[in-house]
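Coordinate inspection notes
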Amino acid sequence: MQMTDQGFQIDIHVDWKTGMIHGGSAHNCGTWMDKMGESVKAGTKGKPGTPRDGAPVEITGLLKSTLRWLAQLSHAGKFPFEGVEATIDGKTKLVTYQEWSDLIQASFEFNYYVPADPAEDASYNVNPAVVNRRGIYKDTYGAGPGREWSDYQFRCNFPIAMAVAPELFDAKHALGALSLADIHIRGPLGMKTLDAADLQYRGNYDNSNDSDDPHIAKGLNYHQGPEWGWPLGYFLRAYLHFEKGSGASLEDVLHHLFNNLLPARRYIQEDPWAGIPELTNENGSYCHDSCRTQAWSNSTLLDFLHDVYDLRATA
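Read on for an overview of the structure. (Residues numbered from 1 in each chain as written. Predicted model: local features only at pLDDT ≥ 70, side-chain atom pairs only at ≥ 80, totals over all residues. Heavy atoms only, no water.)

Looking now at the overall build of the protein chain. A count of helices and strands for the protein chain gives seven helices and eleven strands. Whereas a compact globule of 315 residues would reach a radius of gyration of roughly 20 Å, the protein chain reaches 20 Å, a difference of no more than 12%. Taking all 315 residues of the protein chain together, the buried fraction comes to 50%. For the protein chain, restricting intrachain contacts to residue pairs at least 6 apart in sequence, the fraction spanning at least 24 positions comes to 63%. About 15000 Å² of surface is accessible on the protein chain, with carbon and sulfur atoms providing 54% of the total. Positive and negative side-chain charges in the protein chain, numbering 27 and 40 respectively, have mean positions lying 1 Å apart. (Helix = DSSP H or I, 4+ residues; strand = E, 2+ residues; numbered from the N terminus. Rg over C-alpha atoms; globule rule 2.2 N^0.38 Å. Buried < 20%, exposed > 50% of the residue type's maximum accessible area, 1.4 Å probe, protein only. Contact = heavy atoms within 4.5 Å. Areas by Shrake-Rupley, 256 points an atom, 1.4 Å probe, with all protein chains shown as cover. Lys, Arg positive; Asp, Glu negative; His and termini not counted. Charge placed at Lys NZ, Arg CZ, Asp CG, Glu CD.)

This next bit is on the pattern of salt bridges. Tallying each qualifying case throughout the model produces 16 salt bridges. Of the charged contacts in the structure, one is a salt bridge between Lys-35 and Glu-38, with a shortest N-O distance of 2.9 Å. Bridged by salt links that share partners, the residues Arg-52, Glu-58, Asp-139 and Arg-155 form one connected network. (Salt bridge = Lys/Arg side-chain N within 4 Å of Asp/Glu carboxyl O.)

With that settled, the discussion passes to the packing of helix 5 (residues 230-245) against helix 7 (residues 295-314). Between helix 5 and helix 7, the least distance of the axes is 6 Å, while the angle of their chain directions is 20 degrees. As the angle between them shows, helix 5 and helix 7 are arranged roughly parallel. The chirality of how helix 5 crosses helix 7 is left-handed. On helix 7, the residues touching Trp-230, Leu-232, Gly-233, Tyr-234, Leu-236, Arg-237, Leu-240 and Lys-244 of helix 5 are Trp-296, Ser-297, Thr-300, Leu-301, Asp-303, Phe-304, Asp-307, Val-308 and Leu-311. For the contact of helix 5 with helix 7, the class distribution of residues is ten nonpolar, three polar and four charged. (Axes fitted to C-alpha atoms, helices over the stretch in contact; angles between N-to-C directions. Parallel < 35°, antiparallel > 145°, perpendicular 65-115°, else oblique. Left-handed = near helix turned anticlockwise from the far one by under 90°. Nonpolar A, V, L, I, M, F, W, Y, C, P; charged D, E, K, R; others polar.)

Following the sequence through the fold, Leu-189 ends up in the loop between helix 4 (171-184) and strand 9 (191-192). Beyond its immediate chain neighbours, meaning those up to four positions away, Leu-189 contacts Gly-229, Leu-232, Pro-263, Ala-264, Tyr-267, Ile-276, Pro-277 and Thr-280.

Glancing now at the sheet that holds strand 9. With antiparallel pairing, the three strands of this open sheet are ordered in space as 9-10-11. Edge positions in the open sheet fall to strand 9 and strand 11 (279-280), since each of these has one partner strand only. Summarising the sheet, strand 10 (residues 227-228) and strand 11 pair through two bridges and their orientation is antiparallel. In the sheet register, Trp-228 faces strand 11, and the bridge partner there is Leu-279. (Pairing = 2+ DSSP bridges.)

This brings us to helix 4. Count 3.6 residues to each turn of an α-helix, and residues three or four apart come out pointing the same way. For helix 4, with 14 residues, the first-to-last C-alpha span of 20 Å sits near the 20 Å given by 1.5 Å per residue. Buried residues belonging to helix 4 abut helix 2 (97-112), strand 6 (113-114), strand 7 (136-137), helix 3 (158-164), helix 5 and helix 6 (250-270). The backbone nitrogen of Lys-172 has a side-chain oxygen 3.1 Å away, supplied by the residue at the start of helix 4, namely Asp-170. (Expected span 1.5 Å × (residues − 1). Polar contact = N/O pair within 3.5 Å; in protein donor to acceptor, adjacent residues only side chain to side chain.)

One finds Tyr-137, Phe-158, Met-162 and Phe-169 to be the most contacted residues of the largest nonpolar core, which totals 68 residues. Considering every element that reaches this core, the biggest residue donor is helix 5, with nine residues. Ignoring anything within four residues of it in the chain, the contact list for Met-162 reads Tyr-137, Phe-169, Ala-174, Leu-178, Ala-238 and Phe-242. (Core = buried A, V, L, I, M, F, W, Y, C linked by side-chain atoms within 4.5 Å.)

Now for helix 2. Its 16 residues place the ends of helix 2 22 Å apart at the C-alpha level, agreeing with the 22 Å of an ideal helix rising 1.5 Å per residue. At Ala-106, helix 2 shows its strongest bend, of approximately 30 degrees. Buried within helix 2 are the following residues: Tyr-97, Trp-100, Ser-101, Ile-104, Ser-107, Phe-108, Glu-109, Asn-111 and Tyr-112. (Bend = angle between axes of the 7 residues up to and from the residue.)

Further remarks concern the pairing of strand 4 (residues 83-88). Here six bridges tie strand 4 to strand 5 (residues 91-96), and the two strands are oriented antiparallel to one another. For Gly-83, the partnering residue across the bridge sits in strand 5 and is Thr-96. Here strand 4 folds back onto strand 5 in antiparallel fashion, the turn holding two residues, of which Asp-89 has a positive phi close to 55 degrees.

On a regular strand, each side chain points to the face opposite its neighbour's, so the side chains alternate between the two faces of the sheet. Examined bridge by bridge, strand 1 (residues 12-15) and strand 2 (residues 20-23) share four bridges and lie antiparallel to one another. Counterpart to His-13 in the pairing with strand 2 is His-22. Between strand 1 and strand 2, which pair antiparallel in sequence order, lie four residues; one of them, Gly-19, sits at a positive phi of approximately 85 degrees.

Structure below.
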């Protein structure tokens, strides 16, 4: 058992001003970035490597996608419910799926986007004192007291929201953020879990590390830089969607994205497991603590290729 008693207290709620789901705390890790500290020597036992408390961007995107789907089913008479019963300002009321979806739509850009130009900060919910990189989307919104800076970490999670709920994003802002991710986050076989310009970046994962360095002991940096395979497919899908929507030539866009896939193609051809690994260390280097091949690392690339197939079939 690694987690402390406080970590088992998991509070999750909807902020009915924005429609977003908030949850977690500094003592637990409620998303896929779920590494819990294990080292007594380094003082990290029971301390999450990446709590991501608040409203993680991919959770908000997945929620929006789900609400859109439920609203469509309900409107078509294929789902027997119209929405959820909620207590708002002390009063119980029905919030329809469409109303909930609209709340998120209206509040997303304001709360997640970090403008490239500081002169635009007043138009967004931004704390300039903790901004590390501009022109990005926050990784979380509403991290707990003392951890506000973690909202502004540049990670690989926002393209997931883009792929499942592209309507949330301003197209120009989305392309700007994706271009930055293409430069700073994308690796040969996967996506960096944290921007290398972040002070917490540690790109090489070693779960057997028994040092007193709290950043890496017992592999606490599992999601603090190592390049995971599965988010790459979502990045490619998001890039394809917004680039083709900008009026760019489809073949030019595909040339760029297929070029990004060449390392994965070579790896699959040469690897005895014929698949993409769970993760690599920095710049695609081998990680001995990674699973040699994982279904989601491969399947999200297939999702991207399926999107391409559909596009070409309707072109």
